[in-house]
Amino acid sequence: MFGRRRDKRAQAAQKAQAGQAGRAGEAGRAGRAGRAPVSAGSAGTASSTVAMLTDAAEVSAELRRALVRVGCDFTQQGAEGADGAAVTDADTRAVLLLQVEDKDAAVLLGRSPLSLVLSADWDGVLDGDAEEHRRVLNDWNARHTVPRAVAVLDVDGDARVHLDSVMDCSAGVSPAQVDEWVRRALAGLSQVTEFLDEQFPDADAEGGEDPDAGADADTGGSDAPGTADSTALVAGEPLTLDRIAAVVPGETVSIKENGASGRRGNGYVRTAGAAAPDIALHDGTLTVTTGAAFGDAGEVPAEALDWLRAVCGQVNTDPDGVVSVVTGDSGDSGDSGDVIMTSALHRPVGAGMHDAQLAAVLATARAQVGARFDGLVAEVTGGSTGGELGEVTDA
């Protein structure tokens, strides 16, 4: 379970709102160039008929339809306009409180930039070995694309696991993309709950049933748009490595075809410039990623590995969805070889994208990932390319 139904869902909503305020600065500046509405016809294929949603009212309505399709109950919290979107006050954002099986969560609809954020807290309270907590959460983040899991302190000072999934919609989003994101994000909540329950079986559960849950909010499930399944969802043009390479500025250094193994999944595009993040496709997910090696796993002390995980965990509390992890410790993720620190941003793309949207999404994501990783390396090395952990090399 995910905490008290009233108190913990309210906390999740507040965290999502606070995170969106920060994201409007850092992530918004990074992706400003790709924020203009784009035409679905730019692909020049059958996907030109896909309707692109470019404002909060449209995305809010489609989010509700997607939740109805998957049978997820929700209630509305916060001010709302007659069209179902957040009112125009810059400080007011619509939040939907969800019931996912027996779990509580919240979805924030942000407008600056336009985005969707699913936020929840695991019900357990972490106690005991903080190093083990960091190892477990790092392992989840290294092996899964959603949700991002980070250790935080709640209002009572207890160590908890906060979970979030973020989709930037500033370049427009199609109904099929909203539907795919909702399904992936909700499935991820179920998977991470099972994972954490197995890893921390002795963790004390926080809260319990609140018979007054939702009493201070309007019922959302019955008020959701009634046309959830009246129109077939239309997928956009499928993503390929060649399409990605065509919209990425700069000279393409290499394209690794699907079927390649390694941290970049089934295939990736690498462009000129050592600091340029790679772009990978794997299992219906687009990943923008960059990393650096900090030496052989057998030579990096255990306390240094734990410190790297702690640094990654700290930056993972930033609200833009970028996730940073450490891999290469055979006792950590079953890997061996170099200790590699990686920053990445994941997005489901099974619903396809047209070229203009793809170019804008990649520009924003690469700027976010590059900025996050630069800051991470500076923190770890003290602003240099070497030091106590050895020379930093491109991974």
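This text gives an overview of the structure that appears in the document. The structure displayed is predicted, hence computed values, not measured ones. (Residues numbered from 1 in each chain as written. Predicted model: local features only at pLDDT ≥ 70, side-chain atom pairs only at ≥ 80, totals over all residues. Heavy atoms only, no water.)

### Side note on the environment of V70
Part 1 of the argument: Of note, V70 is situated in the loop between α2 (56-69) and β1 (73-77).
Part 2 of the argument: Sequence spacing of V70 and V182 is 112 residues, and the spatial spacing of their C-alpha atoms is 8.5 Å.
Part 3 of the argument: Excluding anything up to four places from it in sequence, V70 contacts V182, R183 and L186. (Helix = DSSP H or I, 4+ residues; strand = E, 2+ residues; numbered from the N terminus. Contact = heavy atoms within 4.5 Å.)

### Some words on the packing of α2 against helix α4 (residues 175-199)
Part 1 of the argument: Close contact between α2 and α4 brings their axes to 9 Å; oriented N to C, the two are set at 50 degrees. In this view, α2 runs oblique relative to α4, as classed from their interaxial angle. As for the relative orientation of α2 and α4, their crossing is right-handed in sense. Contact residues: E62, L63, A66, L67 and R69 in α2; P175, V178, D179, V182, R183 and L186 in α4. (Axes fitted to C-alpha atoms, helices over the stretch in contact; angles between N-to-C directions. Parallel < 35°, antiparallel > 145°, perpendicular 65-115°, else oblique. Left-handed = near helix turned anticlockwise from the far one by under 90°.)

### Some remarks on the packing of helix α6 (residues 302-315) against helix α8 (residues 355-381)
Part 1 of the argument: Orientation of α6 relative to α8, taken along the N-to-C sense of each, is 140 degrees, at an axis distance of 11 Å. Between α6 and α8, the interaxial angle falls into the category oblique. Handedness of the α6/α8 crossing: right-handed. Contacts between α6 and α8 involve W307, L308, V311, C312 and V315 from the former and R372, L376, E379 and V380 from the latter.
Part 2 of the argument: The residue makeup of the contact of α6 with α8, split by class, is 7 nonpolar, no polar and 2 charged. (Nonpolar A, V, L, I, M, F, W, Y, C, P; charged D, E, K, R; others polar.)

### Some details on the pairing of strand β3 (residues 103-111)
Part 1 of the argument: Within β3, 8 of the 9 residues are buried, leaving the element largely enclosed by the surrounding structure.
Part 2 of the argument: In this sheet, β3 lies alongside strand β2 (residues 95-100) in antiparallel orientation, the contact comprising 6 bridges. When the sheet's bridge partners are listed, L98 is paired in β3 with A105.
Part 3 of the argument: Between the antiparallel neighbours β3 and strand β4 (residues 114-121) lie 2 residues. (Buried < 20%, exposed > 50% of the residue type's maximum accessible area, 1.4 Å probe, protein only. Pairing = 2+ DSSP bridges.)

### Focus on the packing of aromatic side chains
Part 1 of the argument: All told, the structure shown has 2 aromatic pairs when counted by the stated rule.
Part 2 of the argument: Ring centres of W122 and F200 lie 6.0 Å apart, and the angle between their planes is 45 degrees; this geometry places the pair in the tilted category. Here W122, found in the loop between β4 and β5 (124-125), pairs with F200, found in the loop between α4 and β8 (204-205); they are 78 residues apart in sequence, far enough to count as distant.
Part 3 of the argument: Judged by relative accessible area, which is 3%, W122 ranks as buried.
Part 4 of the argument: Relative accessible area serves as the criterion here: at 11%, F200 is assigned to the buried category.
Part 5 of the argument: Measuring from ring centre to ring centre gives 5.2 Å for W140 and F195, while their planes differ by 45 degrees; the resulting arrangement is tilted. Note that W140 is positioned in helix α3 (residues 130-143) and F195 in helix α4, a separation of 55 residues in sequence.
Part 6 of the argument: The exposure class assigned to W140 is buried, which follows from its relative accessible area of 2%. (Phe/Tyr/Trp six-rings, centres within 6.5 Å; stacked < 30°, edge-to-face > 60°.)

These figures come from the coordinates and say nothing about function on their own.
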